[in-house]
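Structural overview
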Amino acid sequence: MLEPERYKRQILIEGWGQKTQDMLRSSTVFIAGAGGLGCPVALNLTTAGIGNVRICDTDVVDVSNLNRQFLHPEKNIGVEKTASATQYLSSLNSAVQFTPLTELITEDNVADLVADADVILDCLDNFEARYALNKCAIEKGIPLIHGAVWGMEGRVTVFNPPGGPCLSCIFPVASSTQETIPVLGAVTCATGSMQAMEAIACLRGFKPSLQGKMLVMDYSAMHFQTLEISRNAECEICSHL
Ligand SMILES: [Zn+2]
């Protein structure tokens, strides 16, 4: 497929051009989670023409995922989410190189899973794996784009110390997570799309707008606010930077 034609409409965006498109094609992203946030993140980055997409999840598709995890069709219930997601994503953009990783993210394997990614997208729902990603991002000097949802609220920030805080500066201890959180597909889709936009900003070589800031979106009132977030000088993870 002719690339300039395929990406014509985004190449028209001011300051984009073929050069930006080439940068995206030579980029690698690591998407942690193929669920509510991971689906819109992967969809947006795949169709934008990111060259290499590494996507990691251990779950299989469950019927209760289908209200929001739109890369997974009904027929894939019981199928590994990474396989299900990459099957669909490949049909959208066959030029993208997908690496499905069906592994639990731990401190021991995270560096290998992330490999040479230029950006990490945190689309997870548990803090243990998030802390492992945070440490790895700092060690490799990779921006970590954090997303979270709860009910009608979504949050996005970019951790990229020393330019702003890391995950542990803001959440030094894991916040308790309810087993089954309320969540709506439109909320995860909007929030994941914000994460994808910040990833693209990083890959274009721009400072992401949400570095050092937390975007808090209350979709029930369409009230969006951007809060300043600061580094913790005592942070055990990033204060050496
Ligand atoms: Zn920190």
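So, a few notes on the structure that sits alongside this text. (Residues numbered from 1 in each chain as written. Predicted model: local features only at pLDDT ≥ 70, side-chain atom pairs only at ≥ 80, totals over all residues. Heavy atoms only, no water.)

Moving on: the sheet that holds strand β3 (residues 97–101). As summarised here, the arrangement of the eight strands in space is β3-β2-β1-β4-β5-β6-β7-β8, forming an open sheet in which the pairing is mixed. Single-partner strands in this sheet number two, and they are β3 and β8 (223–228). On average, adjacent strands in this sheet sit at an angle of 15° to one another, irrespective of strand direction. Alignment of strand β1 (residues 28–32) against strand β4 (residues 119–122), held across four bridges, turns out to be parallel. For Ala32, the partnering residue across the bridge sits in β4 and is Asp122. Helix α4 (residues 38–48) rests against β1, β2 (52–56), β3 and β4 of the sheet, and its axis sits at about 165° to β1. (Pairing = 2+ DSSP bridges. Helix = DSSP H or I, 4+ residues; strand = E, 2+ residues; numbered from the N terminus. Axes fitted to C-alpha atoms, helices over the stretch in contact; angles between N-to-C directions. Contact = heavy atoms within 4.5 Å.)

In this fold, Thr188 is placed in helix α9 (residues 185–203). Within the structure, the side chain of Thr188 is placed 3.0 Å from the backbone oxygen of Gly185, a separation counted as a polar contact. In this view, Thr188 contacts Gly36, Leu37, Pro40, Arg68, Val149 and Val183; residues no more than four positions away in its chain are not counted. (Polar contact = N/O pair within 3.5 Å; in protein donor to acceptor, adjacent residues only side chain to side chain.)

Okay, the coordination of the zinc ion next. Ideal donor angles around a metal are set by the shape: a four-donor tetrahedron calls for 109.5 degrees, a six-donor octahedron for 90 or 180 degrees. Taken together, Cys166 (SG), Cys169 (SG), Cys235 (SG) and Cys238 (SG) make up the full set of protein donors to the zinc ion, lying 2.3 Å away. Each of the four donor atoms around the zinc ion contributes to a set of angles spanning 95 to 120°, which defines the coordination as tetrahedral. Mapped onto the polypeptide sequence, the residues donating to the zinc ion form the spacing pattern C-x2-C-x65-C-x2-C. With a gap of 69 residues between them, Cys169 in helix α8 (residues 167–170) and Cys238 in the segment after β8 connect regions that are remote in the sequence. (Donors = N, O, S within 2.8 Å, 3.2 Å for Na, K, Ca; no water. Tetrahedral: all angles 85-135°; square planar, octahedral: opposite > 155°, others 65-115°.)

Let's shift gears to unusual backbone geometry. At the junction of Pro161 and Pro162, the peptide bond is cis and its omega measures out at 10° in the coordinates. Counting through the fold element by element, Pro162 comes out in the loop between β6 (153–159) and α8.

A few words now on the environment of Ala115. Mapped onto the elements of the fold, Ala115 is located in the loop between α6 (110–114) and β4. Since its relative accessible area comes to 27%, Ala115 is described here as partly exposed. With 28 residues separating them in the primary sequence, Ala115 and Gln87 have C-alpha atoms 22 Å apart. Beyond its immediate chain neighbours, meaning those up to four positions away, Ala115 contacts Arg54 and Lys140. (Buried < 20%, exposed > 50% of the residue type's maximum accessible area, 1.4 Å probe, protein only.)

This part is about the pairing of strand β5 (residues 144–150). Taken across its seven residues, β5 has five buried, putting it largely inside the fold. Bridge count between β4 and β5: three bridges; the pairing is parallel. Looking across to β5, one finds that Ile120 is bridged to Leu144. With respect to chirality, the unit in which β4 leads through helix α7 (residues 127–140) into the neighbouring parallel β5 is right-handed. Direction of pairing for β5 relative to β6: antiparallel, over a ladder of seven bridges. Bridging from a neighbouring strand, Ile145 pairs with Val158 of β6. (Right-handed = clockwise from strand over helix to strand, strands pointing away.)

Mapped onto the elements of the fold, Thr191 is located in helix α9. Residue Thr191 is classed as buried on the basis of its relative accessible area, which comes to 0%.

It is worth spelling out the pattern of salt bridges at this point. Applying the stated criterion to the full structure yields six salt bridges. With its nearest N and O atoms 3.9 Å apart, the salt bridge here joins Lys81 to Asp59. Of this pair, Lys81 sits in helix α5 (residues 81–92) while Asp59 sits in the loop between β2 and α5; the two residues are 22 residues apart in sequence, bridging distant segments of the chain. Note that Arg130 is salt-bridged to Asp122, the shortest N-O span being 2.8 Å. For the residue pair Arg130 and Asp122, the accessibility class agrees, reading buried in each case. (Salt bridge = Lys/Arg side-chain N within 4 Å of Asp/Glu carboxyl O.)

Another point: the packing of aromatic side chains. By the definition in use, this model includes three aromatic pairs. Each ring, one from Phe127 and one from Phe171, has its centre 5.4 Å from the other, and the planes form 70°; the classification is edge-to-face. Taken as a pair, Phe127 in helix α7 and Phe171 in the loop between α8 and α9 lie far apart in primary sequence, 44 residues in all. On the basis of relative accessibility, which here comes to 8%, the residue Phe127 falls in the buried class. (Phe/Tyr/Trp six-rings, centres within 6.5 Å; stacked < 30°, edge-to-face > 60°.)

Right, let's talk about α4 for a bit. In terms of burial, α4 is largely enclosed, as eight of its eleven residues are buried. The complete set of buried residues in α4 reads Gly38, Cys39, Pro40, Val41, Ala42, Leu45, Thr46 and Ala48. Positive phi appears at Gly49, one or two residues downstream of α4, with a value of about 95°.

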